[in-house]
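Each chain is listed here by its residues.
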Amino acid sequence: MNKHTRVLNAMDHKPVDRVPVTFYTHFMTPEAQKNNTVPAQIAWFEECNMDCLCIETDGYMQYPKGGEVRRLSDWKGIRNLPKDHAYFCGQVDRAKRIREGIRDGAVFYMLFTPFSTIKHTIDSEKGIMDFYREDKEILAEAMKVIEEDTFRLADRIMDETGVDGLFISLQNAGTDKFTGEEYTEYLRPWDLRLLAHANSLSEYNIIHMCSWTGIPNRLELWRDYEYKTVNWAVSVEENMDMRKGREYFKPGTTLMGGFDNRPQGVLYRGSEEEIKTYTKKQLELAGEVGTILCGDCSLQVDQSREKVRYVVEASEEYAAEHRK
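Residues numbered from 1 in each chain as written. Predicted model: local features only at pLDDT ≥ 70, side-chain atom pairs only at ≥ 80, totals over all residues. Heavy atoms only, no water.

Asker: An account of the nonpolar core is needed here, citing residue identities and associated values.
Answerer: Grouped together as the largest cluster of nonpolar side chains are 90 residues, with contacts concentrated most on F23, W75 and L139. For this core, the element with the highest residue contribution is helix α7 (residues 136–160), accounting for 12 residues. Leaving out residues up to four positions away in the same chain, F23 has contacts with W44, M50, F259, L267, C294, G295, L299, V308 and V311. (Core = buried A, V, L, I, M, F, W, Y, C linked by side-chain atoms within 4.5 Å. Buried < 20%, exposed > 50% of the residue type's maximum accessible area, 1.4 Å probe, protein only. Helix = DSSP H or I, 4+ residues; strand = E, 2+ residues; numbered from the N terminus. Contact = heavy atoms within 4.5 Å.)

Right, here's the structure in full:
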């Protein structure tokens with residue numbers, strides 16, 4: 001079974017010869033940023049011997065508004081970007097060339113909600129909440145423009161690059177931010193529109209329930225969304241390991257996860273034996289159908305690629321052991 005078939009079978013809850021593996025990381029160094037990060041991301045995929053790649057958007061996470069962005073008033077009156085803007089063309093170029101460079105494997109492209117895009121642009125978890133508290137209507141006007149451009153970007157990514165689907169990062173549901181009621185009223189509609197648009201473009205999309213700050217999310221706010229594959233933080237969310245995830249998320253959901261992405265995690269600090277033992281434990285918890293092994297979030301930029309290969313080897317060993 002080739003890598004591409006293995007991943008799509010896992011997402012479809014079909015049999016696989018072994019559970020597929022993927023991990024994603026950032027490419028922010030000057031060296032990695034060369035040539036639109038294309039060689040760096042392909043090398044990451046190949047050297048880790050993974051089954052699929054979630055393309056990181058480093059260099060494009062900030063919306064190119066132009067001018068000041070620190071005050072909410074700076075976002076008033078923003079306009080859609082022209083269709084030939086580097087924000088669109090650069091990301092299409094990246095996705096297309098990475099897809100062409102990965103001969104066997106599934107490829108997904110990362111997208112963020114408008115609220116997160118503004119947060120990344122001002123680079124402040126607190127600042128975006130200050131914007132919301134100051135005037136959520138002005139904030140929503142800016143988010144609408146960004147939403148339109150995100151939809152246009154998604155259309156071009158899926159029409160022009162050959163990637164298999166979209167990797168939707170949902171954030172901002174941490175217990176330190178909105179109340180459940182606030183999130184449901186203000187951010188849920190934006191989530192649902194983005195997911196609906198993504199699902200209209202591909203049946204192979206992934207929802208990443210992001211907890212990169214280390215704060216647990218109110219997972220119940222996302223539980224009823226339309227998803228095929230879910231990636232969440234087993235090491236951050238309370239009482240939600242791979243077995244509990246199988247029970248918690250909707251029937252038929254493919255589970256993507258199992259590994260702490262932080263420096264204290266076994267993938268970063270562990271020996272070959274420790275990593276392989278841990279990997280097989282995750283497979284016991286999740287089962288081999290509808291499972292993709294992955295990190296809670298982006299791995300450390302200096303993560304050993306050899307250690308990622310240990311996860312692939314452990315998946316192969318587990319499959320062989322259970323088919324004797």
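Continuing now.
Asker: Any chance you could break down the side chain of D191 for me, citing the residues and the numbers?
Answerer: Along the chain, D191 falls in helix α9 (residues 188–201). Buried charge without a partner: D191 forms no salt bridge, and the closest opposite charge is R188, 7.2 Å away. (Lys, Arg positive; Asp, Glu negative; His and termini not counted. Salt bridge = Lys/Arg side-chain N within 4 Å of Asp/Glu carboxyl O.)

Asker: Talk me through the packing of aromatic side chains; I want residue IDs and the actual numbers.
Answerer: Summed over the entire model, instances satisfying the criterion amount to 13 aromatic pairs. An angle of 70° between the planes, with centres 5.7 Å apart, marks the rings of Y63 and Y87 as edge-to-face. Of this pair, Y63 sits in the loop between β1 (52–55) and α4 (86–101) while Y87 sits in helix α4; the two residues are 24 residues apart in sequence, bridging distant segments of the chain. Of the two residues, Y63 and Y87, both sit in the buried class. Taking 6.3 Å as the distance between ring centres and 70° as the angle between the ring planes, the aromatic pair formed by Y183 and W222 counts as edge-to-face. On the criterion of sequence distance, the pair formed by Y183 in helix α8 (residues 180–186) and W222 in the loop between β4 (206–209) and β5 (229–232) is long-range, its members being 39 residues apart. With respect to burial, Y183 and W222 carry one shared label: buried. These aromatic residues form a ring-pair network of at least three members: F115, Y132, F178, Y183, Y186 and W222. Its end group placed over the ring of W190, R193 keeps NZ or CZ at 4.6 Å from the ring centre. Directly above the ring of Y227 sits K250, whose terminal nitrogen or CZ lies 4.6 Å from the centroid. (Phe/Tyr/Trp six-rings, centres within 6.5 Å; stacked < 30°, edge-to-face > 60°. Lys NZ or Arg CZ within 6 Å of the ring centre and 35° of its normal.)

Asker: Outline the side chain of T291, listing residues and values.
Answerer: Structurally, T291 is set in strand β7 (residues 291–295). One polar contact links the side chain of T291 to the main-chain carbonyl oxygen of G287, over a distance of 2.8 Å. Ignoring anything within four residues of it in the chain, the contact list for T291 reads A10, V19, P20, M242, R246, T254, L255 and A286. (Polar contact = N/O pair within 3.5 Å; in protein donor to acceptor, adjacent residues only side chain to side chain.)

Asker: Describe in detail the environment of L53, supporting the description with residues and values.
Answerer: The topology assignment puts L53 in strand β1. Along the backbone, L53 and V234 are 181 residues apart, and their C-alpha atoms lie at a distance of 20 Å. In contact with L53, not counting residues within four places along its chain, are T22, Q41, W44, F45, I98, I102, A106, V107 and F108.

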